[in-house]
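This is what each chain is made of:
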Amino acid sequence: MNPGDRVRVDRADRTYEGVLLPSSTDDHLVVKLEGGYNVGVDREGADVEVLAEDVYRIDGTDATGEDAGSEIEFDDDLPTISLISTGGTIASTVDYRTGAVTAQFDAEDVLRAVPDLAGRANYRGRVVANILSENMEPPLWRDLADAVAEEIEAGADGVVVMHGTDTMQYSASALSFMLETPVPIVFTGSQRSADRPSSDNVMNAVSAVEAAKSDCAEVLVCMHASESDDDCALHRGTRVRKNHTSRRDAFETVGAEPLGEVDYETEEVSFRRDYQQRDETDLELTVDLESDVELLKFTPGMDPAFLDVAEGSEGLILEGTGLGHVHTDLIPRIEELIEDGTTVVMTSQCLEGRVCDRVYDTGRDLLEAGVLEGGDTLPGTAKVKLMWALANSEDVEEAMGTSLAGEIQERSVPWE
């Protein structure tokens with residue numbers, strides 16, 4: 001038997017059937033089950049039957065070689081969509097050394113992996129990074145914004161950014177502030193890799209392309225709207241949050257319904273609220289960021305010494321309780337930071353609602369100390385916004401209190 005064979009393994013009254021994978025030790029067999037998960041089995045005492053040979057190549061392609069990829073041909077009647085890859089699960093496959101998934105596909109590989117994309121648009125592909133999203137950093141946001149702008153200048157009718165889901169909301173926020181765009185910029189990803197039967201990569205990629213062909217010239221996040229394969233939700237890049245570790249519908253618009261959705265069956269793209277329409281604005285790129293900004297969550301019993309992490313920093317986002325509060329004992333240290341030149345902005349760790357530090361004495365003391373209110377800006381979005389505002393705005397206080405890219409809602413009313 002060899003890796004790639006379909007096998008049945010019997011051991012200790014248990015039976016495992018699937019594809020034999022390479023093992024890091026001689027003492028164990030590794031089998032990929034039909035459900036997409038891998039299982040390790042002790043070789044000692046195992047009875048192995050080869051059901052079929054070479055049914056799966058270890059590079060992840062079908063051993064038959066049939067339809068190894070979709071041929072993308074240029075069609076004058078189709079829009080041009082740029083596919084920009086940064087890595088992540090949507091561009092991942094199994095690393096058969098470890099059984100884990102690793103980002104390794106470039107944009108062209110995604111086209112081959114998702115044949116359903118063919119015929120929907122003309123595509124250009126480029127790779128900005130090939131990382132898992134926990135490794136994303138502000139310099140890569142600049143590179144990504146530059147790449148998106150170059151694609152738009154080259155004539156792209158829309159841009160799809162393939163990105164890992166863990167930090168997608170930060171990158172979408174960053175591009176929302178860094179770019180004025182005449183065309184849609186749509187982030188998409190996958191909660192489950194392509195080798196798993198429950199993968200969401202095809203539906204998300206197809207729906208993102210359809211959204212990139214729409215008239216909504218904003219930065220959007222396109223992900224499953226529910227656990228079913230019915231619709232993908234379109235979230236505004238500055239109002240979205242990943243609210244579940246593994247569900248396919250992990251992303252939610254906080255404080256409202258999603259801006260729009262894509263019906264996967266009909267391919268119809270619809271919107272619930274006003275949005276910036278295609279070609280309403282000229283392309284404008286402002287990539288400067290002040291990276292010396294921290295985000296700190298207040299918790300009961302927090303030692304004021306935790307605030308020392310922001311000493312000398314240009315900015316600090318505080319994630320306070322309720323309307324925007326911290327323990328009274330922290331306020332003198334916060335005031336010291338502000339006096340030393342650190343811009344401090346208050347947000348709330350509540351999932352909905354806005355900061356209002358005028359209701360209680362603690363809030364009034366924070367305002368007197370010089371803390372700025374972040375409205376109902378999400379804490380992660382507020383960090384990115386402050387990084388951008390410190391580098392580009394003459395009046396940071398005014399910028400943080402003004403909705404620049406839809407990050408502050410006019411009213412904090414759920415499902416508006």
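Shown above is the structure to which this text applies.
What counts and how
- Residues numbered from 1 in each chain as written.
- Predicted model: local features only at pLDDT ≥ 70, side-chain atom pairs only at ≥ 80, totals over all residues.
- Heavy atoms only, no water.
- 1 Å grid on protein atoms, 1.4 Å probe; cavity = no way out; pocket = protein on both sides within 12 Å on 5 of 7 lines; lining within 4 Å.
- Points joined across faces, edges and corners; volume = space filled by probe spheres on them.
- Nonpolar A, V, L, I, M, F, W, Y, C, P; charged D, E, K, R; others polar.
- Helix = DSSP H or I, 4+ residues; strand = E, 2+ residues; numbered from the N terminus.
- Core = buried A, V, L, I, M, F, W, Y, C linked by side-chain atoms within 4.5 Å.
- Buried < 20%, exposed > 50% of the residue type's maximum accessible area, 1.4 Å probe, protein only.
- Contact = heavy atoms within 4.5 Å.
- Pairing = 2+ DSSP bridges.
- Salt bridge = Lys/Arg side-chain N within 4 Å of Asp/Glu carboxyl O.
- Axes fitted to C-alpha atoms, helices over the stretch in contact; angles between N-to-C directions.
- Parallel < 35°, antiparallel > 145°, perpendicular 65-115°, else oblique.
- Left-handed = near helix turned anticlockwise from the far one by under 90°.
- Patch = residues over 30% accessible without salt bridge, like charges linked within 9 Å, V, L, I, M, F, W, Y side chains within 5 Å.
- Areas by Shrake-Rupley, 256 points an atom, 1.4 Å probe, with all protein chains shown as cover.
- Lys, Arg positive; Asp, Glu negative; His and termini not counted.
- Charge placed at Lys NZ, Arg CZ, Asp CG, Glu CD.

Colleague: Can you walk me through the layout of surface pockets in this structure?
Modeller: If a probe as big as a water molecule is rolled over the atoms, it shows which places are left empty. The volume enclosed by the second largest pocket comes to roughly 460 Å³. Residue lining of the second largest pocket: 22 residues in total, with Glu 218, Arg 236, Leu 404, Ala 405 and Gly 406 positioned closest to the centre. Looking at the lining of the second largest pocket, its residues break down into eight nonpolar, six polar and eight charged.

Colleague: Sorry if this is basic, but what is going on with unusual backbone geometry here?
Modeller: Peptide bonds are mostly trans, and most non-glycine residues show a negative phi. The phi angle at Asp 13 is positive, at roughly 65°, despite the residue not being glycine. Here Asp 13 shows up in the loop between β1 (6-11) and β2 (14-21). Even without being glycine, Glu 267 reaches a positive phi, approximately 70°. Relative to the helices and strands, Glu 267 is located in the loop between β17 (260-263) and β18 (269-271).

Colleague: Which parts of the structure should I look at to understand the nonpolar core?
Modeller: As a rule of thumb, soluble globular proteins bury nonpolar side chains together. Core analysis: the largest hydrophobic core is formed by 45 residues, its most contacted members being Trp 141, Val 148, Leu 175, Met 178, Ile 185, Phe 187 and Val 221. Apart from residues no more than four positions distant in its own chain, Val 221 is found in contact with Met 168, Ala 172, Phe 187, Ala 233, Leu 234, His 235, Val 240 and Phe 251.

Colleague: Sorry, what's going on with the environment of Glu 257 here?
Modeller: The topology assignment puts Glu 257 in the loop between β16 (251-253) and β17. Residue Glu 257 is classed as partly exposed on the basis of its relative accessible area, which comes to 31%. Measuring from C-alpha to C-alpha, the distance between Glu 257 and Arg 273 comes to 9.5 Å, with 16 residues separating the pair along the chain.

Colleague: Help me out: how do you make sense of the pairing of strand β12 (residues 185-188) in this one?
Modeller: Consecutive residues of a regular strand have side chains that alternate between opposite faces of the sheet. Residues Ile 185 and Phe 187 of β12 are buried on one face, and the alternating residues Val 186 and Thr 188, pointing to the opposite face, are buried as well. Bridging between strand β10 (residues 158-162) and β12 involves four bridges; their strand directions are parallel. Within β12, the residue paired with Val 159 across the bridge is Ile 185. Across four bridges, the pairing between β12 and strand β13 (residues 219-224) is parallel. Paired with Val 186 across the strands is Leu 220, a residue of β13.

Colleague: Explanation requested: the pattern of salt bridges in the structure shown.
Modeller: One side chain can pair with another of opposite charge once the charged atoms of both are near each other. All chains considered together, the criterion is met by 23 salt bridges. Through salt bridges with shared partners, a single ionic network connects Arg 120, Glu 210, Lys 213 and Glu 267.

Colleague: How do you make sense of the packing of helix α2 (residues 138-153) against helix α3 (residues 168-178) when you look at a structure like this?
Modeller: Each pair of packed helices can be summarised by the angle the axes make with each other and by the distance between the axes. Where α2 meets α3, the axes come as close as 10 Å, and the angle between the chain directions of the two elements is 55°. Classed by the angle they form, the pair α2 and α3 counts as oblique. The two elements α2 and α3 meet at a crossing, and its hand is right-handed. In contact with Trp 141, Arg 142, Leu 144, Ala 145 and Val 148 of α2, α3 contributes Tyr 170, Ser 171, Ala 174, Leu 175 and Met 178.

Colleague: So what exactly am I meant to see when it comes to the sheet that holds strand β21 (residues 315-320) here?
Modeller: Backbone hydrogen bonds are what pair the strands of a sheet, in a parallel or an antiparallel way. Spatially, β20-β21-β22-β23 is the arrangement adopted by the four strands of the open sheet, whose pairing is parallel. This sheet does not close on itself; its edge strands, each paired only once, are β20 (293-297) and β23 (372-373). Pairing geometry for strand β22 (residues 343-348) and β23, over two bridges, is parallel. Note on β23: the bridge partner recorded for Val 345 is Leu 372.

Colleague: Any chance you could explain empty space enclosed by the protein here in plain terms?
Modeller: Overall, the coordinates contain one cavity of 30 Å³ or more when judged by the stated rule. Taken as a whole, the largest cavity encloses approximately 80 Å³ of empty space. Forming the boundary of the largest cavity are Arg 239, Val 254, Ser 348, Cys 350, Leu 351, Glu 352, Gly 353, Gly 375, Asp 376, Thr 377, Leu 378 and Pro 379.

Colleague: Sorry, what's going on with a negative patch on the surface here?
Modeller: A cluster of acidic side chains, namely Glu 335, Glu 339, Asp 340, Asp 361, Asp 365 and Glu 368, defines a negative patch on the protein surface. The set of elements that each furnish at least two residues to the negative patch consists of α5 (331-339) and α6 (361-369). Looking at the negative patch, the element that brings in the most residues is α6, giving three residues. On the secondary structure map, Asp 361 appears in helix α6. Judged by relative accessible area, Asp 361 falls into the exposed class, the value being 62%.

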